[in-house]
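# Coordinate analysis (summary)
Read off the chains here:
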Amino acid sequence: MICFTRQGRVVWTYWNLGPDMCDPQTPGRLERRQFLQRLLQDLGHPAGTHTFWPSCLPPDPAALPVADAAAAPQGQNAYVANPDVFWSGAMQLKARGVVVMGSAAARAVALPGGLRPPQQIRHRGKLVWVLWDVDNLLQFDQRYASMLALLRDALRHVLR
């Protein structure tokens, strides 16, 4: 599978981003998309500031033996984390900062254990913000305002 995305100073990821990008029938896709559009609009940064890069992707069927490719899991279970690909992509996208939404995505990109939202660290030469998972934020809207304020303050350092 080939993913195309544009460069941006801030790369966003969450566990379901791979399925959301690859399969328009993924449950919850529309709600996550609308939430993230609202968040980016509320941040008010210029176009091209933000981009999305998945923390997990389906395995490359060309890299699997024919027998294994036919037996590969389907659906969201078919997605696997590859932190080296993620961080290589973040470098290629010229990101200065990375927003990781949720503990599953944090594990997928091999962040140090024990990080709790909201938290900021430096990892692999990037500023990284660990936030709540998108699906969690959809259920608990009261975190939205504080998360927005945190991002406005934190991202201004990356956008200079």
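Remember, it's a predicted structure, so these values are computed and weren't measured experimentally.

### Thoughts on the overall build of the protein chain
A count of helices and strands for the protein chain gives seven helices and seven strands. In sequence order, the protein chain lays out its α and β elements as β-α-α-β-β-α-β-α-β-α-β-β-α-α. Excluding contacts between residues fewer than 6 apart, the proportion of contacts in the protein chain whose partners are at least 24 apart in sequence is 74%.

### Brief notes about the state of the cysteines
Across all of its chains, the model carries zero disulfides by this definition. The thiol of Cys-56 is not disulfide-bonded; the next cysteine sulfur, from Cys-22, is found 8.7 Å away. Accessibility expressed as a relative area gives 1% for Cys-56, which makes it buried.

### So, the layout of surface pockets
The computed volume of the largest pocket comes to approximately 530 Å³. Along the walls of the largest pocket sit 21 residues, with Arg-33, Leu-36, Gln-37, Leu-40 and Phe-52 positioned nearest its centre. Looking at the lining of the largest pocket, the elements that each hand over two or more residues are α1 (17-22), α2 (29-43) and β2 (50-52). The leading source of residues in the lining of the largest pocket is α2, at six residues. Partitioning the lining of the largest pocket into residue classes produces nine nonpolar, eight polar and four charged.

Thresholds applied
Residues numbered from 1 in each chain as written. Predicted model: local features only at pLDDT ≥ 70, side-chain atom pairs only at ≥ 80, totals over all residues. Heavy atoms only, no water. Helix = DSSP H or I, 4+ residues; strand = E, 2+ residues; numbered from the N terminus. Contact = heavy atoms within 4.5 Å. Disulfide = S-S within 2.5 Å. Buried < 20%, exposed > 50% of the residue type's maximum accessible area, 1.4 Å probe, protein only. 1 Å grid on protein atoms, 1.4 Å probe; cavity = no way out; pocket = protein on both sides within 12 Å on 5 of 7 lines; lining within 4 Å. Points joined across faces, edges and corners; volume = space filled by probe spheres on them. Nonpolar A, V, L, I, M, F, W, Y, C, P; charged D, E, K, R; others polar.

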